[in-house]
Amino acid sequence: MDRGRAVNLSGAEIRGDLDGRNPPIFLPRQPAASPLLALDIGGTLIKLVYTASCGGGGDGAELRFAKFERRRLEECFEFVRAEGLLRCNGTRSSKQNVTLKATGGGAYKFADDFREKLGVCLDKLDEMDSVVSGANFLLQNIPGAAFTHMNGKRSPVDVSPNNLFPYLLVNIGSGVSILKVTGNRNFERVTGTHIGGGTMFGLAKLLTGCKSYDEFLQLSQKGDNFVLDLIVKDICGELVCQKQGLSTSTLASSFGKVITSKKNLTDYKPEDLASTLLSAFTYNIAQIAFLVASLLGLQRVFFGGSYIRGHKSTMENISYAIDFWSQSQMQAVFLRHEGYLGALGALMSYGDPSGEDRTLEESQEKEPHHESAAPVDGTSADEENDSNIFPYLLVNIGSGVSMIEVIGKGKFERIIGSHLGGGTILGLARLLTGCSSYEEFLELSQRGNNLSVDLTVGDIYGEEGYPKIGLPASTTAASFGKVNSSKLSEYKVEDLAAALLNSFTYNIGQIAYFVANLSGLKRIFFRGAYVCGHEKTMDKISRSLKYWSKGEVQTTFLCHEGFLGTLGAFWSYENMGIDGLAAHEVIREVLLGAPYTGQFPSLPLTQQQENGENTTLEGEVESLRHDNAVLKAEVDRLQRENAELKAYLARSGEAATL
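Residues numbered from 1 in each chain as written. Predicted model: local features only at pLDDT ≥ 70, side-chain atom pairs only at ≥ 80, totals over all residues. Heavy atoms only, no water.

Enquirer: Help me out: how do you make sense of the packing of aromatic side chains in this one?
Expert: Each aromatic ring pair is specified by the distance between its two centres and by the angle formed by the two planes. Applying the stated criterion across every chain, the model contains 24 aromatic pairs. Aromatic side chains Phe201 and Tyr213 sit 5.7 Å apart centroid to centroid with 80° between the ring planes, which places their arrangement in the edge-to-face category. You can see Phe201 sitting in helix 5 (residues 197–208) and its partner Tyr213 sitting in helix 6 (residues 213–221), a full 12 residues away along the chain. Like Phe201, the residue Tyr213 is buried in the burial classification. Ring centres of Tyr438 and Tyr530 lie 5.2 Å apart, and the angle between their planes is 80°; on these two criteria the pair is classed as edge-to-face. Residue Tyr438 is found in helix 13 (residues 438–446), and its partner Tyr530 is found in the loop between strand 22 (523–527) and helix 16 (535–549); the two are separated by 92 residues along the sequence. Overall, Tyr530 belongs to the buried group, its relative accessible area being 13%. Every member of this aromatic cluster is reached through a ring pair, and the members are Phe201, Tyr213, Phe216 and Tyr307. Of note, Arg15 hangs over the ring of Phe26, and the distance from its end group to the ring centre comes to 3.6 Å. We note Lys205 situated over the ring of Phe201; from NZ or CZ to the ring centre the distance is 4.2 Å. (Phe/Tyr/Trp six-rings, centres within 6.5 Å; stacked < 30°, edge-to-face > 60°. Helix = DSSP H or I, 4+ residues; strand = E, 2+ residues; numbered from the N terminus. Buried < 20%, exposed > 50% of the residue type's maximum accessible area, 1.4 Å probe, protein only. Lys NZ or Arg CZ within 6 Å of the ring centre and 35° of its normal.)

Following this line, the structure appears as structure tokens:
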């Protein structure tokens, strides 16, 4: 026990450049003679927090911060030696008596390396417990530790220790963990996502050739994501956006423009690719955080983790997304020293007897791909009729994803959308694999092994996994998180395709579950060109829903207007109450990533011949008329097929009675 080596937090404050990255924290009551060191050894980085003399012979000590890439473990060892951080109580103790506090998966995986190279033992602390302790330390003891970053303005947030709990903590590491914190030692890991910092950095290496995450962030500052992203204006046109009050710049599909472009990867600027990656995944993380906070009834959301790094665009994207989805009812709050929460929490455990043998009650998570996708709703086909089908969630997977609650015939409300849809999958697939079609991409994925590029829990924690929160070693921790090389040619296109399919189908399933749960819906219908008719895609989405809902949500795929679903029941757009959704402009606007709520709109496409109308407007209207005619013809065809199928079923029923 280290009771005599406790950290004295009285009067703690940030000193030095307050706007700089990770400035020292002054501890006026902390003895400087006996340095303390704690480590957080994660999937990609090693973070160190240690006490050191302030210099000048004054009282007190400073908390200082350092980090190393995990693959440069020897550099970390040399730093510890050079800074004299192995002293204990001011003397060079026998190495066998030196114990360092450590957290993160690497504390288990590299314990032998620390013993052999430094002659020290690692006192291994639970990672989630350390992260929460570190966040609470900053919020309760360090003035100015919390701030918002919106519209280019950084504003401090005053946090009262008496009004801190509960809050949501979103920790962005290689993957993302989302924690509900209700007290100093009370919290629950409610969920997480495998699309995190490791995903951004892994794809950034492959697409831009960058060597470090900081280089990737610098590239993103100079780029334009609209070069590759599909926005609402690209789908609807400016005229329709104006008529419907839609923002022309709303993101509809990340990387969506790639699928219609003839450009290869080398034709795009690394800066534009980096900007597109950053916006795609920061918006996605923020959206999941918003949905979880809404489900838990929390309005205070704190973001931490080593992949934020005080980067302005990262914080701006997250802040904008939280504000947008919550309609300004939630704020994204960031933390100083956000990448060192685990190491700070580990340091706080010195001299803390309650830090020993801590337990953590968590919701048990199991690996999605071990789950069966068979519906457990128990509803037979004979029980389905027009009255009990409602309400349900309709998820349309096009270039982007749109989620609509249908409560009756002709009555619906678009709840939310996602910019990570089929256009994102195919766009990235074209850049990474060179495939020319979605079918070719799916064929490649069938032959690939995503574990060649995906980081698993076992890669971080070792073969035992993370049993305390029920994560087996084979669970994916970070999609593309195992990518070490910046040379795309070193990876098989089949493996990259498999990782892409896993990553985005599970993400769509997770968001669909959260939305259904938030709306109290137990039935989800999927439709769209990127899912229906593709067995592999449907299977993965089904498994994802089965996993997240623990079998409580029924999943059905609508592959065309009349569909014999998994339960054998006949569905049509008419008896599902969404026949209007297949009509003209509605399919263009409601099934987009832009916010829309209401009854089926009617958009007159008559051209107003007014003085001063320019040729651009005329061309826009003509384009809309053409698209309307194409959509109308498609609807007519589907309605004919529906009528023929109904007639066939009716004849079959008569024959059966004879």
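Enquirer: Is there a simple way to explain the environment of Asp129 in this structure?
Expert: Among the secondary structure elements, Asp129 is positioned in helix 4 (residues 127–141). For Asp129 and Asn184, which are 55 residues apart along the polypeptide, the C-alpha to C-alpha distance reads 9.6 Å.

Enquirer: Explain helix 3 (residues 111–118) to me, please; I cannot follow it from the model alone.
Expert: Structurally, the α-helix is built with 3.6 residues per turn, so residues lying three or four positions apart point the same way. Burial in helix 3 covers these residues: Ala111, Phe114 and Leu118. Down the axis of helix 3, the buried set is contained in an arc of 70°. They therefore lie on one face. Of the residues one or two after helix 3, Gly119 is the one with positive phi, at around 70°. (Arc of directions from axis to C-beta.)

Enquirer: Mind showing me how you'd approach helix 16 here?
Expert: With 15 residues, helix 16 extends 21 Å from end C-alpha to end C-alpha; this agrees with the ideal 21 Å at 1.5 Å per step. Of all 15 residues that make up helix 16, 11 are buried, and the element is covered over most of its length. Within helix 16, burial applies to Thr537, Met538, Lys540, Ile541, Ser542, Ser544, Leu545, Lys546, Tyr547, Trp548 and Ser549. In this structure, the buried side of helix 16 is in contact with strand 12 (187–193), strand 17 (392–397), helix 13, helix 15 (493–519), strand 22 and strand 23 (554–557). Downstream of helix 16 by one or two residues, Lys550 has phi in the positive range, about 55°. (Expected span 1.5 Å × (residues − 1). Contact = heavy atoms within 4.5 Å.)

Enquirer: Would you mind going over the side chain of Ser503 with me for this structure?
Expert: Structurally, Ser503 is set in helix 15. The exposure class of Ser503 is buried, given its relative accessible area of 1%.

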